[in-house]
Amino acid sequence: MKKLICLLAIFLLCAACVSGVSAFTYDSDAVVNPSGSLSPGETVTASMIITIPKGSITSAGSLTLTSDLVDPIWTYDIYIGSDPRSLDNKGYGQKFTISGWSLDYGDKGTLEMTISVTGKVSNLGISPITVMSILQTPSPSGEFATYSTPNQIVYNPNNYESDVASLESRASELQSRITTYLNYSIDVKQAESYLTTAKSKISTAKSYGKSDITNAYANIEAADEQLDKAEYFMAGSALNFIKYNSDKIKEDIAILEEKGWKNEAALIASSNQGIINLYTLAKATYDAGSVPDVDTNLADSFTTLAKANGYVESANSNPLAGILGYWWILLIVAGAVIVAVGVVFFLKRRGGSWDELG
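These figures come from a predicted structure and were not determined experimentally.

## Concerning the pairing of strand S4 (residues 70-80)
Turning to step 1, where the next piece is worked out: The pairing of S4 with strand S7 (residues 111-120) spans nine bridges and is antiparallel. Within S7, the position partnered with Thr75 by the bridge is Ser116.
Turning to step 2, where the next piece is worked out: Across seven bridges, the pairing between S4 and strand S5 (residues 83-92) is antiparallel. Bridge pairing links Trp74 to Gly91 in S5.

## Some thoughts on the sheet that holds strand S9 (residues 145-148)
Turning to step 1, where the next piece is worked out: As summarised here, the arrangement of the four strands in space is S6-S3-S8-S9, forming an open sheet in which the pairing is antiparallel. The open sheet has two edge strands, strand S6 (95-99) and S9, and neither has a second partner. Each strand axis lies, on average, 15 degrees off the axis of its neighbour in the sheet, ignoring direction.
Turning to step 2, where the next piece is worked out: Bridge count for strand S3 (residues 62-66) against strand S8 (residues 133-137) is five bridges, and the pairing is antiparallel. Residue Ser62 lies in a different strand from S8, and its bridge partner there is Thr137.

## Description of the nonpolar core
Turning to step 1, where the next piece is worked out: Core analysis: the biggest nonpolar cluster contains 44 residues, and Tyr160, Leu174, Ile178, Tyr181, Ile220, Leu227 and Val294 have the highest contact counts within it.
Turning to step 2, where the next piece is worked out: Contributing elements (two or more residues each) for this core: helix H2 (160-183), helix H3 (189-208), helix H4 (213-258), helix H5 (262-287) and helix H6 (295-317).
Turning to step 3, where the next piece is worked out: With 15 residues, the top contributor of residues to this core is H4.
Turning to step 4, where the next piece is worked out: With 34 residues, the next largest nonpolar core counts Ala46, Leu63, Leu65 and Tyr76 among its residues.

## Topic: the environment of Gly310
Turning to step 1, where the next piece is worked out: Locating Gly310 in the fold gives a position in helix H6.
Turning to step 2, where the next piece is worked out: Linking Gly310 and Asp252, residues 58 residues apart in sequence, is a C-alpha distance of 9.6 Å.

## Some points on the sheet that holds strand S1 (residues 31-33)
Turning to step 1, where the next piece is worked out: Taking strand neighbours across the sheet as the criterion, the five strands line up as S1-S2-S7-S4-S5 in an open arrangement whose pairing is antiparallel. Each edge of the open sheet carries a strand with a single partner, namely S1 and S5. Strand-to-strand twist in this sheet, taken as the mean axis angle between neighbours without regard to direction, amounts to 10 degrees.

Rules used in this analysis
- Residues numbered from 1 in each chain as written.
- Predicted model: local features only at pLDDT ≥ 70, side-chain atom pairs only at ≥ 80, totals over all residues.
- Heavy atoms only, no water.
- Pairing = 2+ DSSP bridges.
- Helix = DSSP H or I, 4+ residues; strand = E, 2+ residues; numbered from the N terminus.
- Axes fitted to C-alpha atoms, helices over the stretch in contact; angles between N-to-C directions.
- Core = buried A, V, L, I, M, F, W, Y, C linked by side-chain atoms within 4.5 Å.
- Buried < 20%, exposed > 50% of the residue type's maximum accessible area, 1.4 Å probe, protein only.

Okay, structure coming up:
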């Protein structure tokens, strides 16, 4: 019985040790060169170091390497600690599998692998691409591990003209919006600076053209970034003015109500509530880092404020106008008073009493 208990304890201990073994880990991301956007036909390399804990891979497992590069060549070196065990290994293809059998060193120590890939970007302009992916399947405890380099955009020369035209259209629209904002007396100097830089980048991109697509698109991306910054800045400025105008409208509403201009106050309050609702939605979008559509609401806030100011000006110059807005009530009351006075006068002239009216 004691032997059975001991054997069971040993079995449970071994199971615990195996279940605690994880799949591969890494301290640093892969180094990709070039790391940004790519051009068709461009040569790209990527390299990284992974650590495979002792006993975390067996002959039943595998390490699968994949790449979107054309005809990639893989190289990998295996170390146990600092001791080199297998160097200058090579593999080929967009999917290359290293069998667990060649990585199973038992309990000799933790493996450290340097994995590299070199290949060319497809001339078809496929985008985006992943230069390197690593998948371990599975560890003795059933764990999977995976790693992929960030997606990278591939410039497509066939899109060059349309991309430049799109940027020029955005720049023209932004210039028009800046003019409108200036008419509202909104400070857009920062947006103008972004726009100026964007136009310069677009011009530089056009000077490179398709003959130097890499530098052309480097400037296209820079122009796009400047336009994004300008649009975001203008959205923030618009939101500030919408909030300011809405607060001023509320002040006008209070004045109108105080002076008895109830109908006008209600009309303005309804319009202002719509402005506030759209402002709240746009502000949430802006705070999340996106550019909301604010131009229509901005224009409405100025229009509604002008109307509210006009009502207030009229109320201040003609205090009775608000009361006279209820002319029909006043007319009824006045009519009733006239009738009552007439009856009294009639009775007094006749020297009679109220009973005569029956």
